[in-house]
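Structure at a glance
This is what each chain is made of:
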Amino acid sequence: MLKNGNPTCGICILLLFLIQPLRADSTDFAFYYGVNPPLEELSAFDRVIVDPDYVKTPPTPRQDSTGPTWLAYVALGEANQSRDYYRKIPPAWFLGKNQIWGSGVLDQTPPSWPDFYLAHVIAPLWKKGYRGFFFDALDSYQLFVSDEEGRARQAAGQATVLRRIKKAYPGAYLMLNRGFEVLPKIHDAVSAVAFESLFQGWNEGEKKFFEVPEQDRFFLLEKAQEIVKQYHLPVVAIDYVAAGDRSQARATAERIKSVGLIPWVTTPAVDQVGIGSKEVQPRKVLMLYDGKEQRNLDELPIHRNLSPMLTYLGYVPEYRDIREPPPAYPLQGRYAGIVSWLQPGSSIPKNDLALWLVAQASQGMKMAFLGQLPFATVGPVADAFGLKASVLSKVDTMARILVADPIMHFEMEPIPDARMVHPLKAGAGKTLLRVVGNSKDTMDAAAFAPWGGYALAPFVIRDLPVRKALRWVLQPMDFLARALALPVLPAPDFTTENGTRLLMVHVDGDGFANLAEWVPNPFAGEVIKKEILDRYPFATTFSIIEGEVSDEGMYPDVADKLQPIAKRILALPHVEIASHTYSHPFDWPSFKGGGKQGRENHLDIKGFRFGPLMMQREIFGSIRYINETLAPKGKVCKVLLWSGNCNPDETAVGLTYAAGVANINGGETLITSSSDSWTGIAPIGIDRGGHYQIFAPNQNENLYTNEWKGPFYGYENVIETFERTDRPLRFKPVDIYYHTYSGSKQASLAALKKVYDWALGQNLFNLYVSEYVPKILDFNGFSLAKSGSAWAFRGRGDLRELRIPASMGFPDLAKSRGIAGYADVGGNRYIHATGSEGLLVLGPRPPTQPFLWSANGALAGWEARGRGFLMTLRGHLDLAFVLAGAGSCRVTADGKPLEGNAVQGGNRAFKLAARGAAIEVACP
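Rules and cut-offs
- Residue positions are counted from 1 within each chain, in the order its sequence is given.
- pLDDT decides what is reported in this predicted model: residues at 70 or higher carry local features, side-chain atom pairs at 80 or more are listed and counted, and totals for whole chains, interfaces and linings draw on all residues regardless.
- Neither water nor hydrogens contribute to the side-chain values; these are computed over all heavy atoms in the structure.
- A helix here means a DSSP run of H or I that spans at least four residues, while a strand means a run of E at least two residues long, and both kinds are numbered starting from the N terminus.
- C-alpha atoms define the radius of gyration, and 2.2 Å times the number of residues to the power 0.38 defines the globule rule.
- For the exposure calls, accessible area comes from a 1.4 Å probe over protein chains only, and a residue counts as buried if that area is under 20% of its type's maximum, exposed if over 50%, partly exposed in between.
- We call two residues in contact whenever any of their non-hydrogen atoms come within 4.5 Å of each other.
- All accessibility values rest on the Shrake-Rupley procedure with a 1.4 Å probe; residue burial counts only the protein chains present in the view.
- For the charge count, each Lys or Arg is scored as positive and each Asp or Glu as negative, with His and the chain ends excluded.
- Every charge is mapped to an atom, namely NZ of Lys, CZ of Arg, CG of Asp or CD of Glu.
- When DSSP finds two or more bridges between a pair of strands, those strands are recorded as paired.
- Axes, fitted as lines to C-alpha atoms, cover a helix only where it is in contact. Angles between the N-to-C directions of the axes lie from 0 to 180 degrees.
- An angle counts as roughly parallel when it lies under 35 degrees, as roughly antiparallel when it exceeds 145, as roughly perpendicular when it falls between 65 and 115, and as oblique in every other case.
- Working rule for handedness: look at the near helix, and if it is turned counterclockwise from the far one by less than a right angle, call the crossing left-handed; if clockwise, right-handed.
- Under the scheme applied here, ten amino acids are nonpolar (Ala, Val, Leu, Ile, Met, Phe, Trp, Tyr, Cys and Pro), four are charged (Asp, Glu, Lys and Arg), and all others, including Gly, are polar.
- Put plainly, a pocket is an open set of points on a 1 Å grid over the protein atoms alone with protein on both sides within 12 Å along at least five of seven lines, a cavity is a set where a 1.4 Å probe fits but cannot get out, and a lining residue has an atom within 4 Å of a point.
- Grid points are joined across faces, edges and corners, and a volume is the space filled by probe spheres set on the points.
- When a carboxyl oxygen of Asp or Glu is within 4 Å of a side-chain nitrogen of Lys or Arg, the pair counts as a salt bridge.
- Distance thresholds for patches are 9 Å for like charges and 5 Å for nonpolar side chains (Val, Leu, Ile, Met, Phe, Trp, Tyr), applied to residues having over 30% relative accessible area and no salt bridge.
- Pairing of aromatic rings covers Phe, Tyr and the six-membered ring of Trp, with a centre-to-centre limit of 6.5 Å; geometry is then stacked below 30 degrees between planes, edge-to-face above 60, and tilted otherwise.
- Two cysteine sulfurs form a disulfide in these notes if their separation is within 2.5 Å.
- Pairing of N or O atoms within 3.5 Å defines a polar contact, subject to two protein rules: one partner must be a possible hydrogen donor and the other a possible acceptor, and residues neighboring in sequence count only if both atoms are side-chain atoms.
- Throughout, nonpolar core names a set of buried Ala, Val, Leu, Ile, Met, Phe, Trp, Tyr and Cys residues whose side chains join them through atoms within 4.5 Å.
- pLDDT is a residue-level measure of predictor confidence that goes from 0 to 100.
- Each helix should span, by expectation, one fewer than its residue count multiplied by 1.5 Å.
- Starting at the helix axis, one direction is taken to each C-beta atom, and the arc is that of these directions.

Moving on: the overall build of the protein chain. Scanning the protein chain from N- to C-terminus turns up 20 helices and 54 strands. In summary, the protein chain has a C-alpha radius of gyration of 31 Å against a globular reference of 29 Å for 924 residues, a match within 12%. Counting across all 924 residues of the protein chain, residues that qualify as buried make up 59%. Relative to all contacts within the protein chain whose residues are 6 or more apart in sequence, the contacts with residues 24 or more apart total 71%. Summed over all atoms, the accessible surface of the protein chain reaches about 37300 Å², with 52% contributed by carbon and sulfur. When the 97 positive and 95 negative side-chain charges of the protein chain are each reduced to one mean point, those points stand 2 Å apart.

See below:
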C-alpha cells in the first residue's frame, strides 16, 4: 500500500500498469443518474447503472439473452429524503448528515438493518425487474467513525447486508463503489468494483473540476491492482469533465484505458451519455417545430419531408414543440444535432429557447435552421450566431440570385421572391445562396456556419400550385449531413435483409362485399382469393372489417356468404390475419370530439354510435371477433391496419400494443414519373405519445386511381414508385398494398396482376407485416458505438442489415463479429448481421474467405467453421442465395450436395425447392 505518498513507489505502480494493463474481462459499463435517461443509447453497453426513481422498470431483456444488464443505483451508506423508504428508517440508525449532499449517513451495525435494507430497498427493485445493484456511499460512515475498531464493525455490517442480498437473490449482479474495507469480506459475492476520480475529478463543495493529485491516483491504482490480481474483478474508473468538453472526455477515457481499467467519463451530475470503453454514436436528432401551427405534426414539413432524409442516413428524429421548455440535460452523446423548421411568420416563443440554443452551440452541438430562424435576427442571440441584420432600404419589387451553391438547386432552381428579401449577412462560414433586391439590399438566404447552417424560405421546399406538387430546392441530405457534421455511419437498414430488398403484401378489407362488375357478379373478396391469393405465393397480411362481414354488420342478408369466403382466405397457409377495425373510422380524431362526426365518419352499420368508448370496440372487439369467428384453429390476428385518414392518437395506438398486435398504415409514399420528387417519400412512422405508429412503405391504389374515381388501372403505376424508391437510393422496401375492392373491376384486377407479375420477376425477400413492423421499432432503438476503429452495434435482433457507402471499405470478416457477409447494390454496401449484436471492422480489401452475398430468407442460425460456415435459412418463398469466394468450396443443403451457377463477380448462385434448409459451406 502507498505510504505517505511515496512518489517512487507510485511511479513503479504506474509503470507496472503501463507494461501489464489490468483487465479482468471485456465487459463495459455506463452510468446515468439523470431524468429521462436515453435507454437506447445506453443499451450499447453491457452493464448500465441508472437511478430507479427515473427508470421505474428496466427494459425487458431479449429472448437471446444478449443486451445490457440494468443495475439500480442504491446507496447503502446513506439515505436521501427523496427515497420512499427514508421515513421508515428509525432515527437512531442515522450517524449524522452529509453536509455536501444533504443525505443522512447510516449506521451499518443495527441487527435489523440487513433485513430492513433487503425488504425496503432491494426486494421492490427486484420485483420491478432489476437484476443488478450498484452500491454507493459505502465509505460514508468514515465521516463519523474514526477509530479502527468502529470502522471494522461498520464494514462487517455492510458485509452482512450484501451477503443477505446474495443469499436471497443468488443471480443478482452486485457492484461496489469503492468499498475497499468491505471487499475482502465479500469479494466472492461481488461482480465488479468502481471508484471515482482517477485523473479528472469534481469537488461538489467548491463546484469545480480538478486534476487528481498524483498521490491519490497512485492509491487508487494500487487498489485496482489488488482487486484485479487477487479477486479477478473488473474495475471501472469514473472521471468527471464538463458537459461540452468531449475532447477532454475522450482523452481522459484513453488515459484510463491505457492503465488497463474500464473508463466512464461523464458530468458531475452523471446525466450525460459519457465515454467509456467505447463511444456511442448518437443517432437521434432533436427536431424543433411550432405547435401553434394550424396543422398536425404529421403534416408539417419537418416530419413529412425532412424525417425520411434523416432515417435514410441512419438517424432517428425526435420531435419537440418550441413552446415547451427546452431539455435541461446535456445533449452531447445523446443527440447528433438540432434541427428546426418553422414557417415564415411563426412567432418566436417567449421562453428561454433562444438562449438555450446559444448555450448548446457554445458546447459544440451542431444545428440546422430551416424556413425561419427560431430567434430574432437582431440582438445578442443573432450576434452569438454570427448573423448581422440591417434595416431594409425600401420594399423591393425585384430580386435576383448573386450566389448559388449547387446544393441549392436540387429538384428545381431557386426563385427569389422580392417580398422576402431582408438584409442579412451570415458572417463566418460559407454562403450557399445570396439574393439581392433592386434596392441593393442583400440577403444570405442559406449558409453553412461554424455552428451548423440555415436555409430560409422559400429556398427549402417550393410549392408548385399549377401542378399541385412540391419540389426540393435544397438538397436535403447533403445539407443536413454538412450542417450537422454528421459522421458517415453503418446505417441500420429496414429495406433490405441479407442483401435482398424486402417485399410485403398487405390488404385493407374495404369492399369485401362489393360485387364484381361481370357475370355472375361474385363478391370482390372471392375474386381476390381466386385470382390473386390462390395464384401468387407471396406471404400476405389480409385484413377483415368486422362491420362488413359479420351478422350484425352492414350486410346481414349476405353475411352467411361473406363469412365462409373470409374463413377460406384466412385459412390459406401463406396468409397472415389482420383486423381493419369494426366500423372502419374515416377520421380517427373524432373519437375525442375533434374532426368529423356522424355517419360520414364510419361504415353505416345499423345501431352503431360513434364515440370515445367505441375505440376499444374498434380494436379489441374486432380482433376478438376475427379470432373467435373467422380464424382457423392455430391462427390468430397479428396486425391491425389503420383505416381512413390513418391518424390515430396515442390512445388508439397504445391499444394495439396492449392487444399484442402490430400496427401499420398511413404515410402516403407516392413518387412516379409524373411526380418525381423526394417530397413524395413518406416517413417510416410517427411517435404517438410513447407508442409508435408504423407507416406503410408505399401507398395503396386509392391515390393511383384518383380516389377510386379512375382510371381504375392506375395502380400499375406503383411499379414506378417501387423503382424510384430503389434507385438511385433505396428508401423503401416493396409493399404491394391494396383494398379488396380492387377485385370488383376488370381494370383494377388487371393492374394488380401486373404488379404481382413484376414482383415475381424481381429478387425479393418476402415477409409478413408482423415481421416488418419489429424492424422499424428496432431501427428506432438500434445502438451504434465506436470501439477504436471498429463499430459495435446492438439491436433487438429484428433488424439485421447495415448499410455503408462502398467507399468506407469492406467488412474484415476475420476481425468482425456477428457478420455473415455483404452485397453491393449501386454505390452502397449492404452488410448482413447474424444476430442482435456484433462488431464491424472495415478494411481496404475484400475478404479472402467465403461469405454470404445474398439470400431471400432469414438467417435462423450461423456458425463459422474453419474457412467455411454453417447457416440455416428460413423464408416464405423457395430459397435462393448467392455465395462469394466459394468457388472451390463444397456446398450442401441438409447434407445433400448443391451445384450452383456462376454469376457476375465469380459468385455462385443456388436455388432450393424448400422454404428452409441448413446450408454448409466447406472449403479447403
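Next, the rest of the story.
Moving on, we get to the sheet that holds strand β6 (residues 103–106). Pairing within the open sheet is antiparallel, and its three strands lie in the order β4-β6-β5. The sheet terminates laterally at β4 (78–79) and β5 (94–98), the two strands that pair on one side only. Sheet topology places β5 next to β6; four bridges connect them, and they run antiparallel. Looking at the pairing, Asn-98 lines up with Ser-103 of β6.

Turning our attention to the packing of helix α15 (residues 614–630) against helix α16 (residues 650–659). Where α15 contacts α16, the two axes come as close as 10 Å, and the packing angle between them is 25°. Between α15 and α16, the angle is such that the two are roughly parallel. Like other packed secondary-structure pairs, α15 and α16 cross with a definite hand, here right-handed. Across the interface between the two elements, Met-615, Gln-616, Ile-619, Phe-620 and Ile-623 from α15 touch Thr-651, Ala-652, Leu-655, Thr-656, Ala-658 and Ala-659 from α16. The residue makeup of the contact of α15 with α16, split by class, is eight nonpolar, three polar and no charged.

Our next topic: empty space enclosed by the protein. Any empty space left between the atoms is revealed when a probe the size of a water molecule rolls over them. Taken as a whole and assessed by the stated rule, the structure comprises seven cavities of 30 Å³ or more. Computed from the structure, the largest cavity encloses a volume of approximately 60 Å³. Taken together, Glu-40, Glu-41, Val-280, Gln-281, Pro-282, Arg-283, Lys-284, Val-316, Asn-780, Phe-782, Ser-783 and Leu-784 make up the lining of the largest cavity. Among the secondary structure elements, those contributing two or more residues to the lining of the largest cavity are α2 (39–42) and β38 (783–787). Residues that form the lining of the largest cavity fall into these classes: five nonpolar, three polar and four charged. Lining the second largest cavity, in full, are Pro-308, Thr-311, Tyr-312, Phe-494, Ile-681, Ala-682, Ile-684, Phe-731 and Lys-732. The class makeup of the residues in the lining of the second largest cavity is seven nonpolar, one polar and one charged.

Attention now goes to the sheet that holds strand β48 (residues 868–874). Taken in spatial order, the five strands of this open sheet run β47-β48-β54-β50-β51, and their pairing is antiparallel. Taken across any chain shown, the strands that pair with only one partner, and hence form the sheet edges, are β47 (858–865) and β51 (896–897). When β47 meets β48, the two strands line up antiparallel, connected through seven bridges. When the sheet's bridge partners are listed, Trp-862 is paired in β48 with Met-871.

Quick look at the pattern of salt bridges now. Once their charged atoms are close, side chains differing in charge can pair, the charge on each being opposite to the other. Enumeration according to the criterion identifies 40 salt bridges in this entry. Salt-bridge contacts for Glu-279 lead to Arg-246; the nearest nitrogen and oxygen are separated by 3.8 Å. One end of the pair, Glu-279, is in strand β14 (residues 279–280); the other, Arg-246, is in helix α7 (residues 246–258), and 33 residues separate them in sequence. Here Glu-279 matches Arg-246 in class, with each residue buried. The partner of Arg-794 in a salt bridge is Glu-837, and the shortest N-O contact between them spans 2.9 Å.

So, about a negative patch on the surface. Taken together, Asp-551, Glu-552, Asp-557 and Asp-560 make up a surface patch of like negative charges. Taking the relative accessible area as the measure of exposure, Asp-551 reaches 46% and is therefore partly exposed.

This model, assessed by the stated rule, comprises 41 aromatic pairs. Taking the centre distance of 5.7 Å and the plane angle of 85° together, the rings of Phe-369 and Phe-375 count as edge-to-face. Accessibility expressed as a relative area gives 1% for Phe-369, which makes it buried. Residue classification places Phe-375 among the buried residues on the basis of a relative accessible area of 3%. Chaining the aromatic ring pairs together yields one cluster made of Phe-31, Tyr-33, Tyr-73 and Phe-134.

If you walk through the whole model with that rule in mind, you get one disulfide. Two residues share a disulfide in this structure: Cys-889 and Cys-923, whose sulfurs sit 2.0 Å from each other. Taking the sign of the S-S torsion, 105° for the link of Cys-889 and Cys-923, the bridge is right-handed. One end of the pair, Cys-889, is in the loop between β49 (880–884) and β50 (890–893); the other, Cys-923, is in the segment after β54 (916–922), with 34 residues separating them in the sequence. Each member of the pair, Cys-889 as well as Cys-923, carries the same accessibility label: buried. We note that Cys-637 lacks a disulfide partner, and the nearest cysteine sulfur, in Cys-646, lies 16 Å from it. Residue Cys-637 is classed as buried on the basis of its relative accessible area of 6%.

By the element assignment, Ser-140 lies in the loop between β7 (132–136) and α4 (148–168). At 2.6 Å, the side chain of Ser-140 and the side chain of Glu-78 are in polar contact. Polar side-chain contacts of Ser-140 include one of 3.3 Å to the backbone oxygen of Ala-137. Not counting residues within four places of it along the chain, the set of residues in contact with Ser-140 comprises Gly-77, Glu-78 and Val-105.

All right, on to the nonpolar core then. Counting 197 residues, the largest nonpolar core has Phe-31, Phe-133, Phe-135 and Met-175 as the members making the most contacts within it. With eight residues, the top contributor of residues to this core is helix α3 (residues 113–128). Among the nonpolar cores identified, the runner-up in size contains 65 residues, and Phe-542, Leu-562, Met-615 and Phe-722 belong to it.

Let's shift gears to the pairing of strand β31 (residues 575–579). Most of β31 is tucked away: five of the five residues are buried. Side chains of β31 alternate between two faces, with Val-575, Ile-577 and Ser-579 and Glu-576 and Ala-578 buried alike. As paired elements, β31 and strand β32 (residues 637–641) share three bridges and run parallel to each other. The residue bridging Ile-577 from the neighbouring strand is Cys-637, located in β32.

With that out of the way, let us pick up the environment of Leu-912. Position of Leu-912 relative to the elements: it lies in the loop between β53 (908–911) and β54. A residue is classified by how much of its surface remains accessible, and Leu-912, at 14% relative accessible area, is buried. Sequence separation of Leu-912 and Ala-893 is 19 residues, and the distance between their C-alpha atoms is 8.5 Å.

Our next topic: the environment of Asn-98. Turning to its location among the elements, Asn-98 is positioned in strand β5. With a relative accessible area of 10%, Asn-98 lands in the buried category. Taking the C-alpha atoms as reference, Asn-98 lies 29 Å from Ala-172; in sequence the two are 74 residues apart. Every residue in contact with Asn-98, bar those within four places of it in the chain, is listed here: Glu-78, Ser-103, Val-105 and Leu-143.

This part is about the confidence of the model for the protein chain. The share of residues in the protein chain with pLDDT of 70 or more is 95%, and the mean pLDDT across the chain is 93. Note that pLDDT drops below 50 for residues 1–10; the model gives that stretch 13 contacts with residues more than four away or on any other chain.

On to helix α14 (residues 559–570). Structurally, the α-helix is built with 3.6 residues per turn, so residues lying three or four positions apart point the same way. The end-to-end C-alpha distance of α14 is 16 Å, a good match for the 16 Å that twelve residues give at a rise of 1.5 Å each. Residues Ala-559, Leu-562, Gln-563, Ile-565, Ala-566, Ile-569 and Leu-570 constitute the buried set of α14. Summarising the axial view, the buried residues of α14 lie within an arc of 160°, below the 170-degree limit, and thus occupy one face. If you follow the buried residues of α14, they end up packed against α12 (524–533), β30 (540–544), α13 (546–549), β31 and α15.

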